[in-house]
Amino acid sequence: MEIGLYIVDMDYSYKKLKELNSEFGDAFYIFDNHIVESTIKSFYDSFSSSKNDLIIAYPFKTCFLFPLIRTAENNGCYAEVASDYEYALANHAGFKNNRIVFNGPYKDFDLVIKILKAGGYVNLDSCYEVEQLIHLMKSSNINVGLRCNFDVDERVSRFGIDCKSNMIFDVAKKLTENSIGINGLHCHIKCRDLESWRIKTRKLVSIYNSLIGRGYGDKIEYLDLGGGFHYGKAKEYASVIIDELQGIPSNIRIILEPGAGISEGCLDFCSRIVNENVVDNTKYVTMAGCVADVSAIRKYPPSDVLSFKQNETDSQMEVKICGFTCMEDDIIVHSHQEYLSVDDFVVFKGVGAYSSALRSNFIRGYAPVISYNSNQFTLCRSNASFDYYIMSSGQ
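A brief look at the structure comes next. (Residues numbered from 1 in each chain as written. Predicted model: local features only at pLDDT ≥ 70, side-chain atom pairs only at ≥ 80, totals over all residues. Heavy atoms only, no water.)

### Structural notes on the overall build of the protein chain
Alright, step 1. When helices and strands are counted, the protein chain shows 13 helices and 18 strands.
Alright, step 2. What you see for the protein chain is a C-alpha radius of gyration of 23 Å, in line with the 21 Å of a compact globule of 395 residues.
Alright, step 3. Dimensions of the protein chain along its principal axes, counting C-alpha atoms only, are 75 × 50 × 40 Å.
Alright, step 4. The buried share of the protein chain, taken over its 395 residues, is 54%.
Alright, step 5. The contacts of the protein chain with a sequence gap of at least 6 include a subset with a gap of at least 24, amounting to 69%.
Alright, step 6. Here the protein chain displays about 18100 Å² of accessible surface, and carbon together with sulfur accounts for 47% of that area.
Alright, step 7. One finds the centroid of the 40 positive side-chain charges in the protein chain at a distance of 5 Å from the centroid of its 50 negative side-chain charges. (Helix = DSSP H or I, 4+ residues; strand = E, 2+ residues; numbered from the N terminus. Rg over C-alpha atoms; globule rule 2.2 N^0.38 Å. Buried < 20%, exposed > 50% of the residue type's maximum accessible area, 1.4 Å probe, protein only. Contact = heavy atoms within 4.5 Å. Areas by Shrake-Rupley, 256 points an atom, 1.4 Å probe, with all protein chains shown as cover. Lys, Arg positive; Asp, Glu negative; His and termini not counted. Charge placed at Lys NZ, Arg CZ, Asp CG, Glu CD.)

See the structure below:
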């Protein structure tokens, strides 16, 4: 798979950015919905040789732009949500309750019960949540999933039922005694390399086999391997995962939660340079965005950075691209290769994962999102304006 097939396909120029600047302001995202369709298809195609059916559950936390999540729904995805707020977004976008995967450590149990009764998937995150469900749904013959906690490397996760001891079997026994079945196993380990994916798939399959062996796994219908995918690498992950699933029955569904794996390439961030300063023979240029706009999880370098200049210069002075905030560490690019000045533009490619979702209204409201389609531009999310804040505050 060539990553170039899965990034915003727009022919940027100084003239075009100046026009968009005049219409939408000094900073804005460019969103390409076709990228979302392409990346979803790449996962389905990559897993087509598996004997197990694939469910793609798109994680709303990664990027919840409405055109994106509606495209996910239209292309057969489930919604992976971690709160009642995200569930409301999913419901509004058209996801039915039986196409919801509810994860996370903070669950509204009225919503848990609603989703379970509708045939959706809920993965309990702790022994406390297990006790809560037993208290509310004892003898209901309902089925629920369990998030599993196990080590892949030295890092210890705070989430899930401990599978390094007998706790997972104690939980399974308690649920069974109260007429609640286990219909799925879930894991989500913060790792993206292929060998870690091989290990975590193998371990989840091992836990499944152990529960079967102890008489607690006869209702299991899915294994949810979570997320953690490098963008544009679906085929490579599929090869590893399918290989490790050879020993499980063909009726077990496989759930994947590729957040960054779907959304990373669908957004570019564009900004005008709005200020400049020279200190100790270093030029600091300020853009109308900040580090959170392009790398909310502080990945450096945040992405490919393109420059579009009003005037050419042969200056060799070091340039640092900085954010508009008053924070000394709001430096996005520490050594940019091209000289920049006020009214030039920078474009950060492939910033769709977490940036627009985690961005707050700190100092300057978040930037608008512009949908791009065949050289046509339409506003799909407005900026966080003063008027919107006053209205939402009831003032």
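### Some remarks on the layout of surface pockets
Alright, step 1. In this structure, the second largest pocket spans a volume of roughly 300 Å³.
Alright, step 2. Considering the residues around the second largest pocket, the lining is formed by 14 residues, among which F64, L65, Y85, Y366 and R381 are closest to the centre.
Alright, step 3. Elements that contribute at least two residues to the lining of the second largest pocket include exactly α4 (84-92), α12 (355-358) and β18 (376-381).
Alright, step 4. Here the residues of the lining of the second largest pocket are counted per class, giving nine nonpolar, three polar and two charged. (1 Å grid on protein atoms, 1.4 Å probe; cavity = no way out; pocket = protein on both sides within 12 Å on 5 of 7 lines; lining within 4 Å. Points joined across faces, edges and corners; volume = space filled by probe spheres on them. Nonpolar A, V, L, I, M, F, W, Y, C, P; charged D, E, K, R; others polar.)

### Digging into the packing of aromatic side chains
Alright, step 1. In total, this model carries 13 aromatic pairs according to the counting rule given.
Alright, step 2. For the pair Y29 and F269, a centre-to-centre distance of 4.9 Å together with 65° between the ring planes defines the contact as edge-to-face. A residue pair is termed long-range when its members are at least 10 positions apart, and Y29 in strand β1 (residues 27-31) and F269 in strand β11 (residues 267-279) qualify at 240 residues. Here Y29 and F269 have matching classes, each one buried.
Alright, step 3. Plain terms: the ring middles of F43 and F229 are 5.3 Å apart, the flat faces sit at 85° to each other, and that makes the pair edge-to-face. (Phe/Tyr/Trp six-rings, centres within 6.5 Å; stacked < 30°, edge-to-face > 60°.)

### Digging into α4
Alright, step 1. Buried within α4 we find E86, Y87, L89 and A90. Here the buried residues of α4 occupy an arc of 160° about the axis, which is enough to place them on one side.
Alright, step 2. Close packing links the buried residues of α4 with α3 (66-74), β3 (78-81), β4 (100-102) and α5 (109-117).
Alright, step 3. At the C-terminal side of α4, G94 shows a positive phi close to 105°. (Arc of directions from axis to C-beta.)

### Regarding the side chain of S355
Alright, step 1. As for its position among the elements, S355 is in helix α12.
Alright, step 2. At 2.3 Å, the side chain of S355 and the backbone oxygen of V351 are in polar contact. (Polar contact = N/O pair within 3.5 Å; in protein donor to acceptor, adjacent residues only side chain to side chain.)

### Some details on the environment of S157
Alright, step 1. In this fold, S157 is placed in the loop between β6 (143-149) and β7 (161-162).
Alright, step 2. Look at S157 and you get partly exposed, because its relative accessible area is 26%.
Alright, step 3. Measuring from C-alpha to C-alpha, the distance between S157 and V130 comes to 18 Å, with 27 residues separating the pair along the chain.
Alright, step 4. Of the polar contacts made by the side chain of S157, one reaches the backbone nitrogen of F159; its length is 3.1 Å.

### So, the nonpolar core
Soluble globular proteins tend to pack their nonpolar side chains together in the buried interior.
Alright, step 1. By size, the foremost hydrophobic cluster in this structure holds 101 residues, and its most contacted members are L185, L223, L256 and F348.
Alright, step 2. Sequence-distant contacts of L185, defined by excluding residues within four places in its chain, comprise L146, C148, L204, I207, Y208, L211, I220, Y222, L223 and D224.
Alright, step 3. Formed by 16 residues, the second largest nonpolar core is a distinct cluster that contains M10, I30, F308 and F345. (Core = buried A, V, L, I, M, F, W, Y, C linked by side-chain atoms within 4.5 Å.)

### So, the pairing of strand β10 (residues 253-256)
Regular strands place their side chains on alternate faces of the sheet.
Alright, step 1. Where strand β2 (residues 54-59) and β10 come together, three bridges link them in parallel fashion. Looking at the pairing, I56 lines up with L256 of β10.
Alright, step 2. Here strand β9 (residues 222-224) pairs with β10 via three bridges, running parallel. If you follow Y222 over to β10, its bridge partner there is R253.
Alright, step 3. A crossover links β9 with its parallel partner β10, the connecting element being helix α9 (residues 234-244), and its sense is right-handed. (Pairing = 2+ DSSP bridges. Right-handed = clockwise from strand over helix to strand, strands pointing away.)

### A word on the pattern of salt bridges
Alright, step 1. With the rule as written, the count across this model stands at 21 salt bridges.
Alright, step 2. Across the pair R272 and D26 runs a salt bridge, and its minimum N-O distance is 2.9 Å. In this pair, R272 is assigned in strand β11 and D26 in the loop between α1 (14-24) and β1, connecting sequence segments 246 residues apart.
Alright, step 3. Of the residues examined, R272 reaches a relative accessible area of 15% and is grouped as buried.
Alright, step 4. Close ionic contact of D151 with K164 constitutes a salt bridge, the shortest N to O distance being 4.0 Å. On the criterion of sequence distance, the pair formed by D151 in the loop between β6 and β7 and K164 in the loop between β7 and α7 (167-177) is long-range, its members being 13 residues apart.
Alright, step 5. D151 sits in the partly exposed class, given a relative accessible area of 23%.
Alright, step 6. Given the relative accessible area of 48%, K164 is considered partly exposed. (Salt bridge = Lys/Arg side-chain N within 4 Å of Asp/Glu carboxyl O.)

### Re unusual backbone geometry
Alright, step 1. Positive phi outside glycine occurs at Y354, with the angle close to 80°.
Alright, step 2. Mapped onto the fold, Y354 is located in the loop between β16 (345-348) and α12.
Alright, step 3. Non-glycine residue I363 carries a positive phi angle of around 65°.
Alright, step 4. Here I363 is to be found in the loop between α12 and β17 (369-373).

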